[in-house]
Amino acid sequence: MSAPFFVAGVPQPQGSKTAFVRGGRAVIVDKNPALLKPWREAVARAAAATWVHRPALTGPVRVEAAFVLARPASVKREFPHVRPDLDKLLRALLDGITDSGEVWGDDSQVVEVQTSKVYGEAPGVHVTVTPVGGAS
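Report follows, based on the coordinates.

Some thoughts on the nonpolar core
Judged by nonpolar contacts, the single largest core of 27 residues is most densely connected at L93, I97, W104 and V129. Secondary structure elements with two or more residues in this core: β1 (3-8), α1 (33-51), β4 (61-69), α2 (86-100) and β6 (124-131). Sort the elements by how many residues they give to this core and α1 lands first, with seven residues. In this structure L93 touches V43, A65, F67, V125 and V127, once residues within four positions along its chain are discounted.

A closer look at the side chain of Q12
Tracing the backbone shows Q12 in the loop between β1 and β2 (17-22). If near-sequence neighbours (up to four positions away) are discounted, Q12 is found in contact with N32, L35, L36, W39, K88, L89 and A92.

Focus on the pattern of salt bridges
Taken as a whole and judged by the stated rule, the model has four salt bridges. When the shortest N-O distance is used, the salt bridge between D95 and R40 registers 3.8 Å. Here D95 is found in helix α2, whereas its partner R40 is found in helix α1, with 55 residues between them in sequence. The salt bridge involving R62 is made with E112; its shortest N-O contact spans 3.2 Å.

Concerning the sheet that holds β6
The strands that make up a sheet pair up through hydrogen bonds in the backbone, lying either parallel or antiparallel. Spatial strand order, β1-β6-β4-β5: four strands in an open sheet with mixed pairing. With partners counted over all chains shown, the strands left at the sheet margins are β1 and β5 (110-119), one partner each. Recorded for the sheet is a direction-independent mean angle of 15 degrees between the axes of neighbouring strands. In this structure, β1 lies alongside β6, joined through six bridges in antiparallel fashion. Opposite F6, over in β6, you have H126 as the bridge partner.

Topic: unusual backbone geometry
Of note, the bond from R83 into P84 is cis; its omega dihedral lies within 30 degrees of zero at 5 degrees. Tracing the backbone shows P84 in the loop between β4 and α2.

So, the packing of aromatic side chains
Considering all chains together, one arrives at zero aromatic pairs under this definition. A cation over a ring is seen here: R54 above W51, with NZ or CZ 5.2 Å from the ring centre.

Parameters at a glance
Residues numbered from 1 in each chain as written. Predicted model: local features only at pLDDT ≥ 70, side-chain atom pairs only at ≥ 80, totals over all residues. Heavy atoms only, no water. Core = buried A, V, L, I, M, F, W, Y, C linked by side-chain atoms within 4.5 Å. Buried < 20%, exposed > 50% of the residue type's maximum accessible area, 1.4 Å probe, protein only. Helix = DSSP H or I, 4+ residues; strand = E, 2+ residues; numbered from the N terminus. Contact = heavy atoms within 4.5 Å. Salt bridge = Lys/Arg side-chain N within 4 Å of Asp/Glu carboxyl O. Pairing = 2+ DSSP bridges. Axes fitted to C-alpha atoms, helices over the stretch in contact; angles between N-to-C directions. Phe/Tyr/Trp six-rings, centres within 6.5 Å; stacked < 30°, edge-to-face > 60°. Lys NZ or Arg CZ within 6 Å of the ring centre and 35° of its normal.

Below you can see the structure in the form of structure tokens.
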């Protein structure tokens, strides 16, 4: 029981944090909240729409994700081996899927990942979520 879906938009990384003290309390925030929050919301909406009539997965999960990035006009290289980091893109994706509340209970259930960054005409991410070993 797998369910592929596509999230259109510019994939945003998650992971870098900034810390500061406000009112005597430590505050930690993402470095790019203005872009990250809408991206995670788009991921959550797409995941929820795809998974709405399926039971949430409770066992181990495999995720395949192909991040499509727009190639800048001046760039001639074949692969996007520059920022954003693939692991930070994946972190935002998995947290966005968790935010959907439909696919799984927590992204700690992910035990296998196959992921890539490519250049393409339509930025976004192609995602397939599959239970591992007959689990559900």
